Structures are given as C-alpha cells and as structure tokens.
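A closer look at the structure
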Amino acid sequence: MTDSIAQQQMLYVRDEMSDAEIAEQADLYGPLTDSVRELIELALLTEVDGPEVRAAQEHLESAKQILRTRVNPGPYGVRWGASGQKRAWGNAAAGLRNAIAPPLVFNFDADGRAWTDFHLGSAYEGPAGLTHGGIAALVLDQALGSAAEAGGAPGMTGTLNLRYLRPTPLGALHAEARIDRVEGIKTIVTGQLSGPDGVCVEAEGIFILPRWARGGDSAKVSDPV
Ligand SMILES: CCCCCCCCCC(=O)SCCNC(=O)CCNC(=O)[C@H](O)C(C)(C)COP(=O)(O)OP(=O)(O)OC[C@H]1O[C@@H](n2cnc3c(N)ncnc32)[C@H](O)[C@@H]1OP(=O)(O)O
C-alpha cells in the first residue's frame, strides 16, 4: 500500500459518537454552515457603502478569531458513530459542515435511488443568471455516487459522462439518480438535473470499488466515499 493511500485510509474513522451526540453536533454546526453560506452570497451581492463593508469585515475577523482557538488540522474525513451512522460532513458537494457545498439534502431508497430538491443562489452562477456547468457536474457526481452507495454498491467515480441539454437556471432544482446495473466491482448509475422547464443535464457514471477497498487488506473499508 502506498503512503498516500494509507494516509487517506486514516481519514475513515469510527469515533463511537452516539446518535444523540451526532444530532447535537448537527444542530450546532449546521446553522454555522448555513450562516457562512449566506455570508458568501451577501459578500457577492451587498451594495452597502465602504464604512459598512469595513465594519462587517471587522466583525468577521472577530468571529474567525473565536473559531480558530481550536481547529482540527483537517481534512475532515469520513466518520461513523457507534450505531454506524455516517458523517461525510466535509464533503464538498453535500457536507453538513462545508459551506462551499450547495445546500443538498438527499433522500435515498435501498434499491439504489437518490434524489434531492434544492435551491441554488447567485454564488453558483456560471453564464449570466445560470448555474455553472461544473456545479451541475458536482451535484450529479454526488447524486450518482449516493445512489450507488444507497444500493449497497458504493465506489469512487471512475467515469462521469454528462450531456448538457439546456441551460440550468439558478433557483429551484431537482437532481435524481438510480443504479442501472452492477457489474462486479463496477456500478453503472444514471441520473439527471432538472429545472422548472425540464431536464437540463443527463449523466451516466461508472463507480468503482477501488483496489484498496476490495482486497484481503486488513485496512479494508466497506465504503470508500
Ligand atoms: C454520502 C456520500 C455518498 C458518496 C458520493 C460520492 C460521490 C463523489 C465521488 C467522488 O468524488 S470520488 C473522487 C473522484 N474519483 C477519483 O478520484 C477516482 C480516481 N481513480 C481511482 O481511484 C482508480 O483509478 C479507480 C478506483 C477508479 C479504479 O482503480 P482500480 O485500481 O480499482 O481499477 P482496476 O485497474 O483494478 O480496474 C478494475 C475495473 O474497473 C475498470 N476501470 C478502471 N478505471 C476505470 C475508470 N476510470 N472508468 C471506468 N472503468 C474503469 C477496469 O477496466 C476494470 O474493469 P474490468 O474488471 O471489467 O476489467
């Protein structure tokens, strides 16, 4: 095993937190993430004058000072509590503690389907007034990967094909994905991202259980993502 894979595997941690403790943490940090996400949008769109901007920035400096008094060196990794509840809270597409992530909350079923209804604000703009194509790809990668995981056939994205059918607006959107078939360690998943006028982006992905997660290796983990 290479050093980088070993280091990566150390970020899969079972920390024995109870479901109640996890809920408490979600209640504490979730609103912080939401505030920071809202702050990103306000920093982008505010039109207040210089003194107000500078005053707001001073407040932010104070907030940062408080938060930095105790900091995990990062990255966050993937953690499981005592009951097996998973927290991929650093995930850039859907992490509860990651304000860069669009506000995605997924629903799943055990047949390998995942879906989410969400709202994208101005911070996710690409072409004027429209969702950035890379953000559409991010959302679909996560939706397809989540479907593979929900169906019990998780993997890392090996291939992701996207077809941009029409511009994706900002605002209310829907993403969904389902397992098409499982071929050994490969899970083929399809999905789509839709706006009010219909499907904007279609996706097909191949999710692969990587070599390090499938061997007889003692460091084997059941879920690589
Ligand atoms: C709540 C959380 C839910 C989770 C959502 C997660 C969504 C987000 C997912 C990600 O962002 S993952 C990060 C992006 N992906 C990567 O960084 C993957 C980088 N690539 C790798 O790690 C490896 O190349 C990979 C795991 C994809 C494959 O390596 P392996 O060493 O396991 O593959 P191997 O060479 O043993 O080949 C196994 C099979 O896969 C096939 N294969 C390998 N690479 C492939 C590829 N890239 N695309 C399609 N098929 C591929 C290969 O042909 C072969 O097919 P056959 O068994 O039929 O012969």
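Sequence positions are assigned chain by chain, starting from 1 and proceeding in written order. Reporting of local features is limited, given that this is a predicted model, to residues whose pLDDT is at least 70; pairs of side-chain atoms are given and counted only at 80 or more, and all residues count toward the totals for whole chains, interfaces and linings.

Looking at an unreviewed UniProt entry, the protein carries the name Acyl-coenzyme A thioesterase THEM4, with the source organism given as Rhodococcus kronopolitis. UniProt positions are given in the numbering used here, feature names are shortened, and annotations may be inferred rather than shown by experiment. In the Sequence similarities (unreviewed entry) part of its UniProt record, the protein is described as follows: "Belongs to the THEM4/THEM5 thioesterase family."

**Some remarks on the sheet that holds strand 5 (residues 113-120)**
Read across the sheet, 6 strands follow the order 4-5-7-8-9-6 without closing on themselves; strand pairing throughout is antiparallel. Each edge of the open sheet is held by one strand with a lone partner, namely strand 4 (107-109) and strand 6 (156-164). Taking the axes of each pair of neighbouring strands and ignoring which way they run, one obtains an average angle of 15° across the sheet. Between any two strands, at least two bridges found by DSSP are needed for them to pair. Counting from the N terminus, the helices are DSSP H or I runs at least four residues long and the strands are E runs at least two residues long. Here strand 7 (residues 171-183) runs beside strand 8 (residues 186-195); their pairing, made up of 9 bridges, is antiparallel. Directly across from E176, in strand 8, lies its bridge partner Q192. Contacts from helix 4 (residues 133-150) reach strand 4, strand 5, strand 6, strand 7, strand 8 and strand 9 (198-208), with the element oriented near 135° to strand 8. Here an angle of 0 to 180 degrees is reported between the N-to-C directions of two axes, which are lines fitted to C-alpha atoms, with helices fitted over the stretch in contact. The contact criterion used here is simple: two residues whose C-beta atoms, placed from the backbone, lie within 7 Å are in contact.

**What about the sheet that holds strand 3 (residues 86-87)?**
Strand order in the open sheet formed by 3 strands is 1-2-3, and the pairing between neighbours is mixed. In the strand order of this sheet, the two ends are held by strand 1 (12-14) and strand 3, each with one partner. Summarising the sheet, strand 1 and strand 2 (residues 78-80) pair through 3 bridges and their orientation is parallel. Across the sheet, Y12 pairs through a bridge with V78, a residue of strand 2.

**Some remarks on the environment of V139**
Relative to the helices and strands, V139 is located in helix 4. Considered as a pair, V139 and T116 are 23 residues apart in the sequence and their alpha carbons are 9.6 Å apart. Among residues more than four places away in sequence, those in contact with V139 are A93, P102, L104, A175 and L193.

**Looking at the pairing of strand 7**
Side chains on a regular strand alternate between the two faces of the sheet. Note that strand 5 and strand 7 share 8 bridges and pair antiparallel. Bridge assignment links A114 to a residue of strand 7, and that residue is A177. Counting the residues between successive antiparallel strands, the hairpin from strand 7 to strand 8 contains 2 residues, one of them, G184, with a positive phi of roughly 65°.

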